[in-house]
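Observations on the three-dimensional arrangement
Read off the chains here:
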Amino acid sequence: ISIQHIVNCLLQGICHKQHVVYLIKLFAIIFFQQNSVNRHYTAMTPNPDESLAFSAARALIFKAVEEAGGYTENTLHRYRNWAKQTQQPSQDALFIHLHTQIAG
């Protein structure tokens, strides 16, 4: 639902893509602080633009209008598979965290 709110704000011109990207990067720092003791957590920082999880977060928001009803599971599934193919198993914990944080 949170993703749908963000997408709606983007579509209505209430905020812009640059604002949303800035906020995702800010949340990446907050998530890192919250999860710094979790050995399975893979941080999106210090280089979020190179992070598969950060790419997933952007796709969940900016590609939501392409999914039926803003449904997120297809995007999450695709990024989980990419993480597994690139041998980044610790990313799975991050995707679960990312989905619960973004989706509410």
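These lines cover the structure that appears in this document, whether it is placed above or below. (Residues numbered from 1 in each chain as written. Predicted model: local features only at pLDDT ≥ 70, side-chain atom pairs only at ≥ 80, totals over all residues. Heavy atoms only, no water.)

1. Observations regarding the state of the cysteines
One pass over the full model with this rule turns up 0 disulfides. The cysteine Cys 9 is free of any disulfide, with Cys 15 supplying the nearest cysteine sulfur at 5.1 Å. Look at Cys 15 and you get buried, because its relative accessible area is 18%. (Disulfide = S-S within 2.5 Å. Buried < 20%, exposed > 50% of the residue type's maximum accessible area, 1.4 Å probe, protein only.)

2. Structural notes on the pattern of salt bridges
Under the counting rule described, the total for this entry stands at 2 salt bridges. With a closest N to O distance of 3.5 Å, Arg 58 and Asp 49 form a salt bridge. Of the residues examined, Arg 58 reaches a relative accessible area of 25% and is grouped as partly exposed. Through salt bridges with shared partners, a single network forms among Lys 25, Asp 49 and Arg 58. (Salt bridge = Lys/Arg side-chain N within 4 Å of Asp/Glu carboxyl O.)

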